[in-house]
Amino acid sequence: MQNQTECPVCGMSVDQQTAPSTTYDAQTYFFCSEGCRDAFAADPGRYVGNTGS
Ligand SMILES: [Zn+2]
């Protein structure tokens with residue numbers, strides 16, 4: 001159902017059940033690979049965008 005999301009680094013579809021994940025700014029993000037998770041961890045702001053509030 002809603003188990004699919006997008007890797008914020010490369011935009012690939014990922015399965016939340018199996019994908020590596022990390023939490024940033026109180027949100028959980030899922031990644032297609034450990035490599036994308038590492039890239040995100042190195043510079044999260046670049047991938048989540050700063051939409052402000
Ligand atoms: Zn990715």
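What counts, and at which threshold
- Residues numbered from 1 in each chain as written.
- Predicted model: local features only at pLDDT ≥ 70, side-chain atom pairs only at ≥ 80, totals over all residues.
- Helix = DSSP H or I, 4+ residues; strand = E, 2+ residues; numbered from the N terminus.
- Rg over C-alpha atoms; globule rule 2.2 N^0.38 Å.
- Buried ≥ 20, exposed ≤ 12 C-beta atoms within 10 Å, placed from the backbone.
- Contact = placed C-beta atoms within 7 Å.

Now for the overall build of the chain. Counting its secondary structure elements, the chain contains 2 helices and 4 strands. Listed N to C, the secondary structure of the chain is β-β-β-β-α-α in terms of helices and strands. Expected size for 53 residues packed as a compact globule is a radius of gyration near 10 Å; at 11 Å, the chain falls within 12% of this value. Reported as C-alpha extents along the three principal axes, the dimensions of the chain are approximately 30 × 25 × 20 Å. For the chain, the residues scored as buried account for 19% of the 53 residues in total. Considering only residue pairs separated by 6 or more positions, the chain has 25% of its internal contacts joining residues 24 or more positions apart.

Residues other than glycine seldom take positive phi values, yet D25 does so here, at roughly 50 degrees. Within the fold, D25 resides in the loop between β3 (21–24) and β4 (27–30). A residue is classified by how many C-beta atoms lie within 10 Å of it, and D25, with 8 of them, is exposed. In the Ramachandran plot, A26 falls in the positive-phi region, its phi being about 70 degrees despite a non-glycine side chain. In this structure, A26 sits in the loop between β3 and β4.

Nothing here speaks to function; it is geometry throughout.
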